[in-house]
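# Examination of the molecular architecture
Next come the chains, spelled out residue by residue.
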Amino acid sequence: MNKLIRASVEDGLSKGRVRLVASVPNFEEAYFGEEAEDEKPYSALEVMKKDGDMHKRIESLLDALVDPAKALPDGAIAWKDFDELEKAFTSWNGAQNKN
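All chains use their own residue numbering, which begins from 1 and follows the written sequence. In keeping with the predicted nature of the model, local features appear solely for residues at pLDDT of at least 70, side-chain atom pairs appear and are counted solely at 80 or more, and the whole-chain, interface and lining totals rest on all residues. As a convention, hydrogens and water are excluded, and side-chain values are obtained from all of the structure's heavy atoms.

## Some remarks on a negative patch on the surface
Judged by side-chain charge, E34, E35, E37, D38 and E39 come together as a negatively charged surface patch. A run of H or I in DSSP counts as a helix once it spans at least four residues, and a run of E counts as a strand once it spans at least two, with each numbered from the N terminus. Considering the arrangement of structural elements, one finds E35 in the loop between helix 3 (27–32) and helix 4 (40–50). A residue counts toward a patch only above 30% relative accessible area and without a salt bridge, and it is joined to like-charged neighbours within 9 Å or, for Val, Leu, Ile, Met, Phe, Trp and Tyr, to nonpolar neighbours within 5 Å. To measure how exposed things are, a 1.4 Å probe is used in the Shrake-Rupley method; for residues, cover is taken only from the protein chains shown. A pair is scored as a salt bridge if a Lys or Arg side-chain nitrogen falls within 4 Å of a carboxyl oxygen belonging to Asp or Glu. For the purpose of counting charges, residues Lys and Arg are taken to be positive, whereas Asp and Glu are taken to be negative. His and the chain ends are not included. A charge is said to be at NZ when it belongs to Lys, at CZ for Arg, at CG for Asp and at CD for Glu.

## Some remarks on a nonpolar patch on the surface
Together, L62, L65 and V66 make up a nonpolar patch on the protein surface, roughly 310 Å² of accessible area in all. As for its position among the elements, V66 is in helix 5 (residues 52–66).

## Let's talk about the packing of aromatic side chains
Pairing of aromatic side chains requires ring centres within 6.5 Å, counting the rings of Phe and Tyr and the six-membered ring of Trp. Pairs whose planes differ by under 30 degrees are stacked, by over 60 edge-to-face, and all others tilted. Enumeration over the complete set of coordinates arrives at three aromatic pairs. Relative to F32, the ring of F27 has its centre 5.8 Å away and its plane inclined at 85 degrees; by these criteria the two rings are edge-to-face. Using a relative accessible area of 28% as the deciding quantity, one classes F27 as partly exposed. Ring geometry for W79 versus F82: centroids 5.3 Å apart, planes at 50 degrees, classification tilted. Connected via pairs of aromatic rings, a cluster forms that spans F27, Y31 and F32. Burial classes: relative accessible area under 20% of the type maximum marks a residue as buried, over 50% as exposed, and values in between as partly exposed (1.4 Å probe, protein chains only).

So far we have only geometry, and geometry alone does not tell us how the molecule works.
Spelled out as structure tokens, the structure:
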């Protein structure tokens with residue numbers, strides 16, 4: 001899937017109009033600290049409704065997606081090539097294996 005996304009935004013990336021962002025290792029673990037097992041969109045909304053800090057964190061992610069000049073929150077990385085993406089996941093896996 002990431003290869004299709006990358007290919008579809010090639011022109012915007014080369015002109016600096018597009019920023020590809022990945023959540024490492026996935027959305028739920030990157031921002032909520034645990035993997036969602038079911039009802040992913042609903043469970044994420046429930047967390048954000050109950051936890052103001054989480055709501056602000058996701059709001060900052062959305063702001064950064066709309067405005068590439070804004071900083072990404074922890075858990076998100078901007079990437080242009082697959083080596084960058086692979087390094088981020090390798091680093092995350094290494095950190096997890098140390099715990």
